[in-house]
Amino acid sequence: MRVRASPAPALVPLVLAGLVLLARSEIFALARKTTTPDDTAASPVSSDDGACPAPADETFFPDVPDAIPFLGPDTRERFAFRHYDPGEIVAGRPMREWLRFSVAYWHAVADRGADPFGAPTKRWPWDDEEAARACHLADSGASASTSAEIGGNDLRMALAKRRMRALFELMRKLGVDRWCFHDRDVAPIGATFDETNANFEAMVDYAAELQAGTSIRPLWGTAQLFKEPHYAQGAATSPDPSAFLKAAAQVKRAMDATLRLGGDAFNFWGGREGYQHLPTTDLALERRNYAAFLEAAARYWNAATEKSLHGGAENKKKPLLIEPKPQEPTKHQYDWDVATTAGFLREFGLDRHFALNVECNHATLAGHSCAHETALASAMGSLGSLDANTGDPQTGWDTDQFMTDHREAALALLPLVRDGRPLAVGVNFDAKLRRESTDVNDLVHAHVGGMDAFARGLKTAARLAARGGALETLREERYAGWRGAEAEALDLGGGFSLERAAEEAARRWGGRENVGYFRDATLRSGRQELAENVVADAA
């Protein structure tokens, strides 16, 4: 039996040709969209027409009102504050003085959702390469026919400027006039040392242009001394002197930029200042080098601010901050927690230069609560600033989530309200969206929720700290003995000695039965359960 020939083979060349054309078109489309300075980033959304909008017409958050209003706790409007009313007086001060909020550049507009287990998920409109090319052409005055040729450093810088504009739009709509930055976040790394520095200087100039005529300025700046390969084994604590030198030069430039932009402070976070393998680590050498590095930085910062070259007398006495963290990325960091960092600073005579920037998620990684770290830093007179975030109790790493629990915020703020003094620097949202949150509106909801949580927490802290209130009464009664004649007789201010204590103990209890029970002493109840109820009721 004969089998009839199929017509399919005659169609094969046509089908293959069609597939080739389709593949080419897809490849060219992807090439036009290839994204951002970070080659691991998600592809950006293309612009509608490839044109550069006028500054007045450009928006990255089109659904959000120009100024998010305070509408009170009963509102159903999502783009509104329920508790943050900047002019409301709390504990004798406007809320805006207690809570000088700041937006973190790196989390707000530079994070694309990558994690150690997955690729980026976020396709932000400010990462649109076609729009970035159009704006670069408009700024440079070049012919539109050269748009496709714009790439490399020019494209990376154009994208960096779009991100900066997006940040300023977000701040304006939130009503926040402070921001924080790492030097390597705001400007792309160039092909050479000189190009990297030139990129950073250009972006500082651009940020200054955007700040002009506004109250916006950095809460603090910092140098990113942990991402680049030469900092793999540390920066100030590296076994390689050339890494130490690069880090010192980088800090100088970052300090100059912070001052030029009118920043309130400068922060150090030593992500690589620690060790991975103790047997091959010279702890004494690394700690001495770290101290020498910080001492040199303090000398430069103090001299630069005293000269008042970047904005007049307001630059004087601007704080230097150190941000404790126990580990990650290193196994052990030398600024493990508040107590460890304070001990290090005092050991090397640096405590006169530095205050502490407490981060809540770092506190929990160290086995503490945020309230513990702020209370301890406040008790030592070294609390300077707060990185407002939280972690997931089921996760063992630094998740940098927005804090939405006002009770946690209240206990973190309680030492400040008790002292009657706001933070010397402010409250920075060192927090990022979850990887699954990919809409620009999510950024707004996150910041609104964080600001509301701290506002509500501030009011709760004020109720707890009120003189004559239930919690303060319990606290005062607990220590009442230290305000009486017995405490005065101890003379802890100068005359107290163990010899005197032994004589007094023998006089009071010698020869009596059951001396271990001290029948004439009263064991006061700590009344912790009542105090916990008071805290819960205030919240």
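In this text the structure is predicted, and so the values were computed from the model without any measurement.

Asks: Any chance you could explain the sheet that holds strand β10 (residues 354-359) here in plain terms?
Replies: In a beta sheet, neighbouring strands pair by backbone hydrogen bonds and run either parallel or antiparallel. Read around the barrel, 8 strands follow the order β3-β4-β5-β6-β8-β10-β11-β12 and close on themselves; strand pairing throughout is parallel. Going across the sheet, the axis of each strand differs from the next one's by a mean of 30°, ignoring polarity. Across 4 bridges, the pairing between β10 and strand β11 (residues 383-387) is parallel. Bridge pairing links E359 to D387 in β11. Across the sheet, helix α9 (residues 283-307) touches β6 (265-268), β8 (320-322) and β10, and the angle it forms with β6 is around 170°. On the sheet, helix α14 (residues 440-465) packs against β3 (101-104), β11 and β12 (427-429) and is oriented at approximately 150° with respect to β12.

Asks: What exactly am I supposed to notice about the state of the cysteines here?
Replies: Two cysteines joined by a covalent bond between their sulfur atoms form a disulfide. All told, the structure shown has 2 disulfides when counted by the stated rule. Between the sulfur of C52 and that of C135 lies a disulfide, 2.3 Å long from S to S. Because the sign of the S-S torsion sets the handedness, a value of about 95° for the bond joining C52 and C135 places this disulfide among the right-handed ones. Residue C52 is found in the loop between α1 (8-33) and β1 (89-90), and its partner C135 is found in helix α4 (residues 129-140); the two are separated by 83 residues along the sequence. Classification of C52 as partly exposed rests on a relative accessible area of 29%. Here C135 falls in the buried class, since its relative accessible area comes to 6%.

Asks: I'm lost on the confidence of the model for the protein chain in this one. Help?
Replies: Should the pLDDT be low somewhere, the predicted coordinates at that spot are not to be read in detail. Taken over all residues, the pLDDT of the protein chain has a mean of 87, while the share at 70 or more is 86%. Between the elements of the protein chain, mean pLDDT differs from a low of 40, seen in α1, to a high of 98, seen in β1. Confidence drops under pLDDT 50 across residues 1-48; counting only partners more than four residues distant or on other chains, this segment forms 45 contacts.

Asks: Which parts of the structure should I look at to understand the packing of α4 against helix α5 (residues 152-174)?
Replies: When two helices pack together, their arrangement is given by the angle between the helix axes and by the axis-to-axis distance. Where α4 contacts α5, the two axes come as close as 9 Å, and the packing angle between them is 100°. On the basis of the axis angle, α4 is roughly perpendicular to α5. On α5, the residues touching E129, A131, A132, R133, C135 and H136 of α4 are D154, L155, A158, L159, R162 and R165. Across the contact of α4 with α5, the residue classes break down as 6 nonpolar, 1 polar and 5 charged.

Asks: In this structure, what is going on with the packing of helix α13 (residues 406-419) against α14? I would like to understand it.
Replies: As a packed pair, α13 and α14 sit with axes 7 Å apart at the nearest point and diverge in direction by 55°. Regarding the angle of α13 to α14, the classification is oblique. Judged by the twist between their axes, the crossing of α13 over α14 is right-handed. Side by side, α13 and α14 meet where H406, A409, A410, L413, L414, V417 and R418 of the first sit next to A453, F454, R456, G457, L458, T460, A461, A462, L464 and A465 of the second.

Asks: Could you clarify how one ought to interpret the nonpolar core in this entry?
Replies: Across soluble globular proteins, you tend to see nonpolar side chains buried next to one another. Among the nonpolar cores identified, the biggest contains 109 residues, and L99, M164, L167, W179, F268 and F454 are the most heavily contacted of them. Ranked by the residues each element gives to this core, the list is headed by α14, at 13 residues. Formed by 9 residues, the second largest nonpolar core is a distinct cluster that contains A104, A265, L321 and V425.

Asks: I'm lost on the pattern of salt bridges in this one. Help?
Replies: Note that side chains of opposite charge can pair when their charged atoms are close. Inspection of the entire model under this criterion finds 29 salt bridges. A salt bridge links D183 to R184, with the nearest nitrogen and oxygen atoms 3.7 Å apart. The exposure class of R184 is buried, given its relative accessible area of 15%. In the salt-bridge network here, residues are joined through shared partners; they are D177, R178, R217 and D264.

Asks: Looking at this model, I keep getting lost on helix α10 (residues 338-347). Mind explaining?
Replies: Given 3.6 residues per helical turn, the α-helix brings residues three or four places apart onto the same face. When we look at burial in α10, the residues that qualify are V338, T341, A342, F344 and L345. On an axial view of α10, the arc spanned by its buried residues comes to 160°, and they lie on one face. The secondary structure elements touched by the buried residues of α10 are α9, β8, β10 and α12 (370-379). Looking at the residues trailing α10, positive phi occurs at G349, about 70°.

Asks: Got a minute to help me understand the environment of A132 in this structure?
Replies: The topology assignment puts A132 in helix α4. The spatial distance from the C-alpha of A132 to the C-alpha of D154 is 9.5 Å, given a sequence separation of 22 residues. Look past the residues within four positions of A132 in its chain and what remains in contact with it is L155, A158, L159 and R162.

Asks: Mind showing me how you'd approach unusual backbone geometry here?
Replies: Glycine aside, residues mostly have negative phi, and peptide bonds are mostly found in the trans state. Note that the residue after E328, namely P329, is joined by a cis bond; omega there is 15°. With respect to the helices and strands, the residue P329 is situated in the loop between β8 and β9 (332-333). With a phi close to 80°, E328 is a non-glycine residue in the positive phi region. Of note, E328 is situated in the loop between β8 and β9. The phi angle at D491 is positive, at roughly 55°, despite the residue not being glycine. With respect to the secondary-structure elements, D491 resides in the loop between α16 (485-490) and α17 (498-509).

Asks: Looking at this structure, how should I read the side chain of E286?
Replies: For E286, the position within the fold is in helix α9. Although E286 lies buried, it forms no salt bridge, and the closest oppositely charged side chain, R287, sits 8.8 Å away as judged by the N-O distance. One polar contact links E286 to Y334, side chain to side chain, over a distance of 2.6 Å. Contact partners of E286, with chain neighbours within four places excluded, come to T237, G274, T281 and Y334.

So, how was this worked out
- Residue indices begin from 1 for each chain and proceed along its sequence in written order.
- In keeping with the predicted nature of the model, local features appear solely for residues at pLDDT of at least 70, side-chain atom pairs appear and are counted solely at 80 or more, and the whole-chain, interface and lining totals rest on all residues.
- As a rule here, side-chain values come from all non-hydrogen atoms in the structure, and water together with hydrogens is ignored.
- When DSSP finds at least two bridges between two strands, those strands are taken to pair.
- Every helix listed is a DSSP run of H or I at least four residues long, and every strand listed is a run of E at least two residues long, numbered separately from the N terminus.
- Axis lines are fitted through C-alpha atoms, for helices just across the contact stretch, and the angle between N-to-C directions can take any value from 0 to 180 degrees.
- Should any heavy atoms of two residues lie within 4.5 Å, those residues are counted as being in contact.
- Disulfides are defined as cysteine sulfur pairs within 2.5 Å.
- Remark: exposure states derive from per-residue accessible area (1.4 Å probe, protein chains only) relative to the maximum for the residue type, with buried under 20%, exposed over 50%, and partly exposed in between.
- pLDDT measures the predictor's confidence residue by residue and takes values from 0 up to 100.
- Small angles under 35 degrees read as roughly parallel and large ones over 145 as roughly antiparallel, with 65 to 115 read as roughly perpendicular and the rest as oblique.
- Note that Gly is not counted as nonpolar here; it falls among the polar residues with everything else outside the nonpolar set of Ala, Val, Leu, Ile, Met, Phe, Trp, Tyr, Cys and Pro and the charged set of Asp, Glu, Lys and Arg.
- Rotating anticlockwise by less than a right angle from the far helix to the near helix defines a left-handed crossing, while the corresponding clockwise rotation defines a right-handed one.
- The term nonpolar core refers to a set of buried residues drawn from Ala, Val, Leu, Ile, Met, Phe, Trp, Tyr and Cys, joined through side-chain atoms within 4.5 Å.
- Put simply, a salt bridge is a Lys or Arg side-chain nitrogen that is within 4 Å of an Asp or Glu carboxyl oxygen.
- This arc is built from the directions going out from the helix axis to the C-beta atoms.
- We count Lys and Arg on the positive side and Asp and Glu on the negative side, and we leave His and both chain ends out.
- Side-chain atoms alone can form a polar contact between residues adjacent in sequence; in general such a contact is a pair of N or O atoms within 3.5 Å, and within protein one must be able to donate a hydrogen while the other accepts it.

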